[in-house]
Amino acid sequence: MPHSVRDVMTTAFRKLGVVRSGGVPQAADAEDARVSLQSWYAECIDAGTFGRVWNIPVSRTGSVTPYPNQHVNVLTDEAVTITPPATVPYDYWYTWMPCRDYGWGLNVPFGGDTGYNVPRDKSVVIVTYQDTAPDAAQRLVYVYDGTIQRWMRVDTLTLDDEAPLSARGFDGLASVLAIRLTDQFGEELLGAASVKAANRYRLALVTNYGNGEDYNYGCA
């Protein structure tokens, strides 16, 4: 199960020796760590770690369910509800051509082709509203955590929220955050084991070798 942002942050501080076992970070330090972790998710999306994200315009009111790895730009100031998909058509990965977004793409259902499957691990859905919309200047960012089969919001994290992608490697994620915090507390505080854990975690996110997926498809 996922760990909380607070757990990830506290472990990162302990790796740096800033907080002793059983202790808790100061409020200001905790907030800095929360902001840094939230920024890390955004940087992964911007860097293409989770695949390319395509802009999709929506100008009609009502409810819309986008496909994974789409950035929905709401072009109307009327009320529009965007809900990330719980399932995706089986052939979507063929028409999407996953070789163009760094992923193996296809997730084959067990027991036969049912026509639908869960979104690809680490898929992204972004929603941006017009400034004049009911949700003025609001931007919603979701990442699909295939480990727990759940869309997780990454742009409004609090310390008590579940930390996205923490269920697959809590120590690795905490090590990634610890490295980011060395700018504040000093690189000399970070041990070699934490650096290795962070590197393994980041490599696993990029290569996706832990997911067994069918890659026998054609790409143009």
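See the structure printed just above.
One structure accompanies this document, and this report is about it. (Residues numbered from 1 in each chain as written. Predicted model: local features only at pLDDT ≥ 70, side-chain atom pairs only at ≥ 80, totals over all residues. Heavy atoms only, no water.)

### Section: the pattern of salt bridges
The tally for this structure, following the rule as stated, stands at nine salt bridges. Across the pair Glu31 and Arg34 runs a salt bridge whose closest N-O atoms are separated by 2.7 Å. Here Arg34 and Glu31 lie together in helix α2 (residues 27-46), a separation of three residues that amounts to about one turn. Judged by its relative accessible area of 36%, Glu31 falls in the partly exposed class. The network of salt bridges with common partners includes Asp121, Lys122, Asp145 and Arg168. (Salt bridge = Lys/Arg side-chain N within 4 Å of Asp/Glu carboxyl O. Helix = DSSP H or I, 4+ residues; strand = E, 2+ residues; numbered from the N terminus. Buried < 20%, exposed > 50% of the residue type's maximum accessible area, 1.4 Å probe, protein only.)

### A few points about the pairing of strand β8 (residues 139-145)
Counted residue by residue, β8 has six buried out of seven residues, so it is predominantly covered. Taken together, the four bridges between β8 and strand β9 (residues 150-153) define a ladder with antiparallel strand orientation. What sits directly across from Tyr142, in β9, is Arg153. Counting the residues between successive antiparallel strands, the hairpin from β8 to β9 contains four residues, one of them, Gln149, with a positive phi of roughly 50°. (Pairing = 2+ DSSP bridges.)

### Considering the nonpolar core
By size, the foremost hydrophobic cluster in this structure holds 34 residues, and its most contacted members are Leu37, Trp40, Tyr41, Leu173 and Leu177. Mapped by element, the contributors of at least two residues to this core are α1 (5-15), α2, β7 (124-128), β8, α4 (170-185) and α5 (192-207). Looking at this core element by element, the count peaks at seven residues for α2. Filtering out sequence-adjacent residues up to four positions away, Leu37 remains in contact with Val5, Val8, Leu173 and Leu177. (Core = buried A, V, L, I, M, F, W, Y, C linked by side-chain atoms within 4.5 Å. Contact = heavy atoms within 4.5 Å.)

### Here's the deal with unusual backbone geometry
Here the phi dihedral of Lys122 falls at roughly 70°; this positive angle occurs in a residue that is not glycine. Looking at the secondary structure, you find Lys122 in the loop between β6 (116-117) and β7. Overall, the relative accessible area of 3% leaves Lys122 in the buried class. Unusually for a residue other than glycine, Gln149 sits at a positive phi of about 50°. Along the chain, Gln149 falls in the loop between β8 and β9. On the basis of relative accessible area, Gln149 is assigned to the exposed category, the value being 53%.

### Examining the sheet that holds β7
Read from one edge of the open sheet, five strands run β1-β3-β7-β8-β9, paired in mixed fashion. The sheet is open, and its two borders are formed by β1 (54-58) and β9, each paired with just one other strand. Neighbouring strand axes in the sheet, compared pairwise and without regard to direction, differ in orientation by 25° on average. Pairing of strand β3 (residues 70-74) with β7 involves four bridges; the strand directions are parallel. Bridged to Gln70 within β7 is Val125. (Axes fitted to C-alpha atoms, helices over the stretch in contact; angles between N-to-C directions.)

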